[in-house]
Amino acid sequence: MFKLNLKIALRNLWKNKTYTIINILGLSIGMACCILIFMFINYQMSYDKGYKNEDRIYRVVSTWNYADGNTFASQGVPLPLTPALRNDFSAQLEKVSAIQQAFGIVKINDVKGNEKLKTQERTFYIEPEFFDIFDFKWLAGQADELKNPNTTILTKETATRFFGDWKNAVGKSFNYQNNENYRVIGVIDDLPKSSSFPIRIILSYKNYKNKNMDRWSSCSSSSECYVLLKKDTDISSLSAPMAQFVNKYYTDKGPGKEGHHFQSLSQIHYDPEYGNFAGNIMPMKEIYGLMVIGAFLMLTACINFINLATAQSISRSKEIGVRKVMGSMRKQLIVQFLTETFAVTLIALLFACVLTEAALPGMRNLFNIDMSFNIFKYPSIFLFMVALTVVVACLSGFYPALVMSGFSPALAIKNKVKANTGGLGLRKVLVVVQFTITVVLIIGTLFIINQMKYIRERPIGFNPSAIALVDIPNDSISRIRFDVLKSRIMQVPGVKNLTLCMSAPSSSNNNESNFSYNSSKDADFQINTKVGDENYFKTFGLDFVAGRAFSKSDTIKEYVVNQTLLKRLNVPNPQEAIGKKLKIGGRSGQIVGVVKDFNNNSLRDGISPIAISTYKNSYYTMAVKLDSKQIMQGMANIQKIWNNVFPEYVYSSSFMDDEINSYYESEKIMGTLFKVFAGVIIFISFIGLFGLISFVAAQRTKEVAIRRVLGASTFELVKMLNGSFLLMVFIANLVAWPLAYVFVSKWLNGFTYRINLGIWPFVIAMCISLTITLVTVSIRSLRAAKANAIDALKYE
């Protein structure tokens with residue numbers, strides 16, 4: 001029976017090739033997009049999975065609440081927190097471990113003592129307990145030896161890169177930071193890319209030295225703490241002990257109320273408030289957004305199928321009537337029509353797989369992740385495709401099957417089934433729904449494009465163009481060479497200016513500190529501190545509204561502040577602040593200048609109160625302002641000089657423009673996705689519309705011919721055929737506008753600086769949808785209006 005149904009289904013599909021192609025094209029594109037979205041979401045949901053005790057692993061994070069309502073959050077913790085937590089929570093926590101991120105120079109010599117490898121690497125100082133919390137796969141060695149200083153553990157890939165073969169790595173050594181030698185005591189398997197830990201080199205925590213080891217007031221995002229709960233311990237039961245813990249150790253009361261809480265491992269990748277070492281964050285709202293887009297894509301394709309199938313049902317009424325007279329039951333007819341739908345869906349799935357494979361390289365480049373369309377390696381993809389096929393086939397085919405199988409056999413044989421049988425009203429509703437989705441995506445895409453354009457063009461308070469940021473070492477020997485480096489680079493053709501600093505004016509490296517202004521009492525908010533030499537302002541193009549730049553100095557004697565700080569301090573006239581005393585972190589100095597406000601972070605955030613000072617021991621970056629016409633040659637000369645001045649270190653640089661653009665990577669990705677998916681939905685919607693108008697025109701051939709004989713013009717006939725479709729698309733716009741407004745408002749609320757919700761994107765979306773509808777429908781209706789009336793009426 002199935003074989004017969006399949007044969008009939010294929011015969012009918014071949015007979016109606018135009019509608020079959022339209023359905024397969026729409027479904028295959030929609031299914032391909034859904035498969036790609038599923039693969040991406042499946043990859044994101046695999047982050048930090050597979051650990052034995054993953055449901056008991058938590059990270060300790062930090063928060064500060066200020067009297068003015070502002071809050072600050074960090075993934076980091078004060079350095080003394082880990083040992084204190086291990087002591088005070090011994091009854092609730094099975095294991096506690098610190099992990100400290102660092103960067104350094106790794107040198108490896110060959111057997112003759114000659115330098116074989118010199119590279120700058122990200123490293124992690126980790127306690128042995130970390131490996132009791134996370135069960136990494138060991139290839140050689142064990143974690144216990146990490147309790148000894150000058151020991152290291154490498155991943156398989158790193159060990160192979162350093163020593164040729166990871167099996168030979170244990171017992172070998174490398175030099176770190178031109179200072180200490182570390183002996184390899186173990187090799188672990190490479191961590192998956194879907195991990196919040198970009199661990200390659202692990203150093204013994206015994207070697208970590210920091211002046212803040214006992215300071216609770218200092219907190220860095222590079223210092224994290226992980227814990228393993230004891231079995232049967234409820235995380236909510238730790239809230240009260242943690243509050244007591246905070247009161248016990250935070251004896252120096254600052255302007256912010258400190259706090260810590262436990263964040264589950266399963267939430268680290270999805271929480272943008274705290275971040276992680278890998279720098280990969282995918283907020284759940286974006287995952288849900290992609291799910292909704294995928295559902296919209298598939299719904300749009302299914303609406304095409306339903307509309308065409310119900311419209312086409314009239315032409316199959318005689319077939320259905322004959323089948324019923326011959327004894328076919330309604331259930332058998334439903335099975336027959338569903339078989340046709342499944343055949344179309346399976347063919348569409350095959351094309352979707354081809355489209356998915358073709359689109360995968362672009363998807364990998366867009367998200368910079370390693371996704372694979374391998375159903376044997378990732379069986380969940382195969383299960384999803386099976387489920388997608390069943391859902392799409394049932395969703396697309398069940399209603400048309402019910403409609404067609406319900407025809408009266410007497411009317412069907414006499415060919416008297418009405419044209420509106422099968423739900424003309426429903427078809428109109430589905431068209432409105434389909435175009436509502438399309439218009440919402442068009443409006444969303446227009447607003448995203450405009451917001452990103454606004455971000456690119458909005459002045460940020462300084463000039464980031466043609467500024468190279470070059471890393472510089474900051475040990476005592478290197479600091480002696482700073483003046484030589486500056487004088488030699490200033491002689492390079494194309495170099496306009498340079499400054500030594502901790503970081504650029506806009507940077508993800510932002511330090512907050514308590515301070516006092518012309519008083520012994522700390523202010524009730526924190527200040528953002530930056531460090532740069534006397535050329536800092538000229539190099540970055542910062543404008544003064546009062547006072548001057550620094551006098552040349554290697555230590556903190558003078559401060560330059562921004563306008564926002566004075567506003568927060570209720571100092572109306574910038575000139576009043578000149579000469580006032582500012583004390584930050586125990587260091588006092590006079591305010592000598594006030595600069596115009598500049599954005600110290602992305603435009604999602606407001607401008608912080610800022611103080612800039614000089615301090616040679618904190619110079620880790622050399623910012624070089626270049627002539628835009630001589631950037632390539634200038635950078636080559638800078639690198640050559642840098643390597644000559646610091647031969648024992650590794651050169652590294654980036655551009656200020658690229659750093660700022662990186663703030664909006666997720667928005668750029670979402671903008672690209674919206675443009676692609678909006679284009680896909682527009683295409684699916686309008687090929688469905690073309691199919692629908694083709695069928696309507698065919699059904700109304702005689703009516704058109706009679707009207708033509710009675711004197712109707714081509715324009716009047718086209719207007720008659722177009723009118724209902726334009727009305728449906730117009731109604732869809734009216735429905736889409738409030739939905740799009742809610743979506744866009746919520747998205748723009750994530751930016752402190754954003755475009756206004758103007759009317760023009762809504763009007764443009766309406767014009768686009770109506771214009772494309774008019775063109776699509778007119779092409780087909782014009783042909784119907786110009787058809788020879790004699791051919792349509794000669795049998796009447």
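This is a predicted model, so every value here is computed, not measured.

## Description of the nonpolar core
Core analysis: the largest hydrophobic core is formed by 78 residues, its most contacted members being Phe40 and Phe540. Excluding residues within four positions of it along the chain, Phe40 makes contact with Met282, Leu290, Met363, Phe367, Ile369 and Met371. Among the nonpolar cores identified, the runner-up in size contains 47 residues, and Val492, Ile556, Ile591 and Tyr615 belong to it.

## With respect to helix 14 (residues 482–489)
Along helix 14, the positions that sit buried rather than exposed are Phe482, Leu485, Lys486 and Ile489. The arc that holds the buried residues of helix 14, viewed along the axis, is 95°, so those residues lie on one side.

## A word on the packing of aromatic side chains
Overall, the coordinates contain 42 aromatic pairs when judged by the stated rule. With a centroid separation of 5.9 Å and an interplanar angle of 75°, the aromatic rings of Phe131 and Phe136 are classed as edge-to-face. In this structure Phe131 comes out as buried when scored by relative accessible area, which is 9%. For the pair Phe245 and Tyr249, a centre-to-centre distance of 4.9 Å together with 50° between the ring planes defines the contact as tilted. In this pair, Phe245 and Tyr249 both sit in helix 6 (residues 239–249), four residues apart, roughly one turn of the helix. Joined through ring pairs, the aromatic side chains of Tyr51, Phe130, Phe131, Phe134, Phe136, Trp138, Phe197 and Tyr226 make up one cluster.

## Re the confidence of the model for the protein chain
Caution applies to low-pLDDT regions: their predicted coordinates should not be interpreted in detail. Overall, the predicted model of the protein chain reaches an average pLDDT of 83, with 85% of residues at or above 70. Within the model, the stretch residues 419–423 combines pLDDT values under 50 with ten contacts to residues more than four positions away or in other chains.

## Overview of helix 6
Every buried residue of helix 6 is accounted for by Met242, Phe245 and Val246. The buried side chains of helix 6 occupy one side of the element, clustering within an arc of 95° when seen end-on.

## Some remarks on the side chain of Ser608
Mapped onto the elements, Ser608 comes out in the loop between strand 20 (587–595) and strand 21 (610–613). On the accessibility criterion, Ser608 (16% relative accessible area) is buried. Aside from chain neighbours lying at most four places away, what touches Ser608 is Glu512, Asn528, Asn562, Thr564 and Asn600.

## Looking at the sheet that holds strand 23 (residues 653–655)
With antiparallel pairing, four strands are arranged side by side in an open sheet as 13-22-12-23. In the strand order of this sheet, the two ends are held by strand 13 (495–501) and strand 23, each with one partner. On average, each strand axis in the sheet is tilted by 20° relative to the strand beside it, whichever way the strands run. As judged from the five bridges shared by strand 12 (residues 467–471) and strand 22 (residues 621–626), these two strands associate in the antiparallel manner. Considered in strand 22, the bridge of Ala468 is made with Val624. Along the sheet face, helix 14 touches strand 13 and strand 22 and points at about 160° away from the line of strand 13. The sheet contacts of helix 18 (residues 631–645) involve strand 12, strand 13, strand 22 and strand 23, and relative to strand 22 the element is tilted by about 150°.

The rules behind each value
- Residues numbered from 1 in each chain as written.
- Predicted model: local features only at pLDDT ≥ 70, side-chain atom pairs only at ≥ 80, totals over all residues.
- Heavy atoms only, no water.
- Core = buried A, V, L, I, M, F, W, Y, C linked by side-chain atoms within 4.5 Å.
- Buried < 20%, exposed > 50% of the residue type's maximum accessible area, 1.4 Å probe, protein only.
- Contact = heavy atoms within 4.5 Å.
- Helix = DSSP H or I, 4+ residues; strand = E, 2+ residues; numbered from the N terminus.
- Arc of directions from axis to C-beta.
- Phe/Tyr/Trp six-rings, centres within 6.5 Å; stacked < 30°, edge-to-face > 60°.
- pLDDT = per-residue confidence, 0-100.
- Pairing = 2+ DSSP bridges.
- Axes fitted to C-alpha atoms, helices over the stretch in contact; angles between N-to-C directions.

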